Protein chains: 2
Amino acid sequence: MFNYKVTVQYDGTKYSGWQSQGNTQNTIQCKLETVLSRMLDKKTEIFGAGRTDAGVHAKAQVFNFKSEIKLDEDAFMADMNGFLPEDIAVIGIEEAPERFHARFNAKGKTYVYRLWTGDKPDVFLRKYVYAFPQSIDINKMRSAARLMIGKHDFLAFSSAKAGKKSTVREIYSIEIMEEGDEVRIILHGNGFLYNMARIISGTLAQIGCGAIDEGSILKAFETGSRSFAGVTLPACGLVLEKVDY
Amino acid sequence: MFNYKVTVQYDGTKYSGWQSQGNTQNTIQCKLETVLSRMLDKKTEIFGAGRTDAGVHAKAQVFNFKSEIKLDEDAFMADMNGFLPEDIAVIGIEEAPERFHARFNAKGKTYVYRLWTGDKPDVFLRKYVYAFPQSIDINKMRSAARLMIGKHDFLAFSSAKAGKKSTVREIYSIEIMEEGDEVRIILHGNGFLYNMARIISGTLAQIGCGAIDEGSILKAFETGSRSFAGVTLPACGLVLEKVDY
């Protein structure tokens, strides 16, 4: 068996997220598995580095799949792109060690949340940013972001249910960048709970415009209560930028 | 009567171009006139700086319209954006002299044609670039572009019909920029004939990849024959960047 590591880009606007769930076929995973199964003439399962929510985009999501036959990577990539819809594109494919697994071997992930703070919309970015026409104090956001760096129980910053599974994650860095009318929140961590990137971004955005103060972050960590964290920002502004191995 | 100069941005993907034509209502002009007529409670005509073809985008198209009442520009702009579809956005509105006309007073226009030369698609740019996965010689394009600068009869570089109307236009500059997998052709001139920006871009792109040589440009000017110019590139890669007054 050959094992392939694939990097894929997608505009998540029209999809119900990465993972096949319930009976919707409208997921990125489903589109990719359909094309691969047809090309390899065999029902083929793929293993993604992580699930992205409905509407979330990816610049470089990673998955792996097994094949009984050795592939010509470049030709196979071009063929896949021919079969895939135009909002999903394979941008890299390489043979990986037999035991490589896109999720278990991932060391970190980078998510970027894009806030559009201008009072006029930008039609070309409308699907990839969240319109948040507020006056934002970047320094407040940066100061608050520092409180989140490191290993914490992020239960309060997620829609995950408290249970047996650990909700401890490590955030390596949070960068806040201002570029024209856009504020980008760049999150790098070893893993993200359900909705965690959007809730951390919502908390920082609300701190930036003075709706809540950074003390809430400490209370959220102490109590594990979702009510101290900020809002869950819409999916459209979020993009999975990179997966590290 | 008050006269207003408006700057508007649009994603042309879904529209049949700027100008109301035949019996299609699916034009940018029609969408804008419908909203303005409703807001001013009076059938209102707008005068665009130029027509963009079906599928062509604009970062800053300009039009003017007359109003019997004096407007609060900022509030009016916000209201217009509330009524317009999300792929059309007003980004500026100001009172203009009574005789100001967006077309007759325009001194120049800048169009940008975006070629995507990478062998892998970019899903986020797919609607705003033309996929042209060729190896391109930028210096050949720059050298050929120099032949087009100045005042020429651009009949051969247009889909305009020879007739009474002058097909002489002046190109002030053509800049070719390379940025990662993208090549941008930036055209600045006093006016553009029907399809002219797309045919000039097609000619330069074909010269860049060696399909035709720059001598064709001289023959096209001499003969006025469309057959010596290059292909008409697809609308999706073209954007009206700016109108000068």
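Everything numeric in this text was worked out from a predicted model, so none of it was measured.

Procedures and definitions
Residues numbered from 1 in each chain as written. Chains lettered and ligands numbered in written order. Predicted model: local features only at pLDDT ≥ 70, side-chain atom pairs only at ≥ 80, totals over all residues. Heavy atoms only, no water. Helix = DSSP H or I, 4+ residues; strand = E, 2+ residues; numbered from the N terminus. Rg over C-alpha atoms; globule rule 2.2 N^0.38 Å. Buried < 20%, exposed > 50% of the residue type's maximum accessible area, 1.4 Å probe, protein only. Contact = heavy atoms within 4.5 Å. Areas by Shrake-Rupley, 256 points an atom, 1.4 Å probe, with all protein chains shown as cover. Least-squares fit on C-alpha atoms with pLDDT ≥ 70 in both. Phe/Tyr/Trp six-rings, centres within 6.5 Å; stacked < 30°, edge-to-face > 60°. Axes fitted to C-alpha atoms, helices over the stretch in contact; angles between N-to-C directions. Parallel < 35°, antiparallel > 145°, perpendicular 65-115°, else oblique. Left-handed = near helix turned anticlockwise from the far one by under 90°. Nonpolar A, V, L, I, M, F, W, Y, C, P; charged D, E, K, R; others polar. Buried area = accessible area lost by both parts, 1.4 Å probe. Salt bridge = Lys/Arg side-chain N within 4 Å of Asp/Glu carboxyl O. Polar contact = N/O pair within 3.5 Å; in protein donor to acceptor, adjacent residues only side chain to side chain. pLDDT = per-residue confidence, 0-100. Arc of directions from axis to C-beta. Patch = residues over 30% accessible without salt bridge, like charges linked within 9 Å, V, L, I, M, F, W, Y side chains within 5 Å. Lys, Arg positive; Asp, Glu negative; His and termini not counted. Charge placed at Lys NZ, Arg CZ, Asp CG, Glu CD. Pairing = 2+ DSSP bridges. Expected span 1.5 Å × (residues − 1).

Check the secondary structure of chain A and you find five helices and 10 strands. The globule rule puts the C-alpha radius of gyration for 245 residues at 18 Å, and the 19 Å found for chain A is close to it. Counting only C-alpha atoms and orienting by the principal axes, one finds that chain A spans roughly 55 × 45 × 30 Å. Within chain A, buried positions represent 52% of all 245 residues. Counted over contacts in chain A with a minimum sequence separation of 6, partners at least 24 positions apart contribute 71%. Summed over its atoms, the accessible surface of chain A is roughly 11,700 Å², and 48% of this surface lies on carbon and sulfur atoms.

Each copy superposes on the other: chain A lies on chain B with an RMSD of 0.0 Å after a rotation of 180 degrees and an axial shift of 0.0 Å. Such a combination of turn and shift is consistent with a two-fold rotation axis. By residue overlap, the copies meet face to face through one surface: 100% of the interface positions of chain A are interface positions in chain B.

Bringing the packing of aromatic side chains into the picture now. The description of two aromatic rings rests on the distance between their centres and on the angle between their planes. With the rule as written, the count across this model stands at 24 aromatic pairs over all chains. Their ring planes at 25 degrees and their centres at 6.2 Å tell us that F65 of chain A and F76 of chain A sit as a pair that is stacked. In this pair, F65 of chain A sits in strand β3 (residues 57–67) while F76 of chain A sits in helix α2 (residues 73–83), placing the two residues 11 residues apart along the sequence. Like F76 of chain A, F65 of chain A is buried. The interplanar angle of 40 degrees and the centroid separation of 6.1 Å between the aromatic rings of W18 of chain B and F63 of chain B together place this pair among those described as tilted. Of this pair, W18 of chain B sits in the loop between β1 (2–10) and α1 (28–40) while F63 of chain B sits in strand β3 (residues 57–67), and the two are 45 residues apart along the sequence. For the pair formed by W18 of chain B and F63 of chain B, the shared burial category is buried. Among the aromatic side chains, those forming a connected cluster through ring pairs are Y4, Y10, W18, F63, F65 and F76 of chain A.

Residues and elements named next belong to chain A. Here helix α3 (residues 138–146) crosses helix α4 (residues 196–208) at 140 degrees, and the two axes come no closer than 8 Å. The orientation of α3 relative to α4 falls into the category oblique. Note on packing geometry: the crossing formed by α3 with α4 is right-handed. Of the residues in α4, those touching α3 at K140, M141, A144 and A145 are L204, A205, I207 and G208. Along the lines of polarity and charge, the residues of the contact of α3 with α4 split into six nonpolar, one polar and one charged.

Chain A puts 22 residues into the contact, and the matching count from chain B is 22 residues. Per-residue buried area on chain A facing chain B is highest for V123, F124 and R126 of chain A; these three make up 36% of the total on that side. Counting across the chain A and chain B interface gives four salt bridges. For R126 of chain A, the salt bridge identified is with E86 of chain B, shortest N-O distance 3.4 Å. Linking chain A to chain B there are eight residue pairs in polar contact (both at pLDDT 80 or more). Partitioning the side of chain A that touches chain B into residue classes produces 11 nonpolar, three polar and eight charged.

Considering every residue of chain A, the mean pLDDT works out to 95; 100% of them sit at 70 or more. In the model output, the complex is listed with pTM 0.89 alongside ipTM 0.84.

Time to look at α3 of chain A. Owing to its 3.6 residues per turn, the α-helix brings residues three or four apart onto one side. Residue and element names in this part refer to chain A. Every buried residue belonging to α3 is among I138, M141, A144 and A145, and all of these are buried. The buried side chains of α3 occupy one side of the element, clustering within an arc of 125 degrees when seen end-on. Opposite the buried face of α3, at more than 90 degrees from it, the exposed residues are N139 and R146. Of the surrounding elements, those touching the buried residues of α3 are β8 (168–179), β9 (182–189), α4 and α5 (215–223). Of the residues flanking the start of α3, the one acting as N-cap is D137, its side-chain oxygen 3.0 Å from the backbone nitrogen of N139.

For the rest of this paragraph, the subject is a negative patch on the surface. A cluster of like negative charges, contributed by D72, D74 and D79 of chain A together with D119 and D181 of chain B, occupies part of the molecular surface. Summarising the element assignment, D181 of chain B is placed in the loop between β8 (168–179) and β9 (182–189). For D181 of chain B, a relative accessible area of 39% corresponds to the partly exposed category.

The next point concerns the pairing of β8 of chain A. Residue and element names in this part refer to chain A. As judged from the four bridges shared by strand β7 (residues 150–153) and β8, these two strands associate in the antiparallel manner. Considered in β8, the bridge of H152 is made with R169. Hairpin geometry of β8 and β9 is characterised by an intervening segment of two residues between the two adjacent antiparallel strands and by a positive phi of about 60 degrees at G180.

At D41 of chain A, a residue that is not glycine, the phi angle is positive and equals roughly 55 degrees. Turning to its location among the elements, D41 of chain A is positioned in the loop between α1 (28–40) and β2 (47–48).

Another aspect to go through is α1 of chain B. With 13 residues, α1 of chain B should cover 18 Å at 1.5 Å per step; its first-to-last C-alpha distance of 18 Å lies within 8% of that length. Within the span of α1 of chain B, buried status applies to I28, Q29, C30, L32, E33, V35, L36, S37 and L40 of chain B.

Moving on: the side chain of K5 of chain B. Residues and elements named next belong to chain B. Within the secondary structure, K5 sits in strand β1. Among buried Asp, Glu, Lys and Arg side chains, K5 stands out as unpaired, with E94 the closest opposite charge at 4.2 Å. Residues in contact with K5, not counting those within four places in the same chain, are V62, F63, N64, G92, I93, E94, A96, F100 and Y245.

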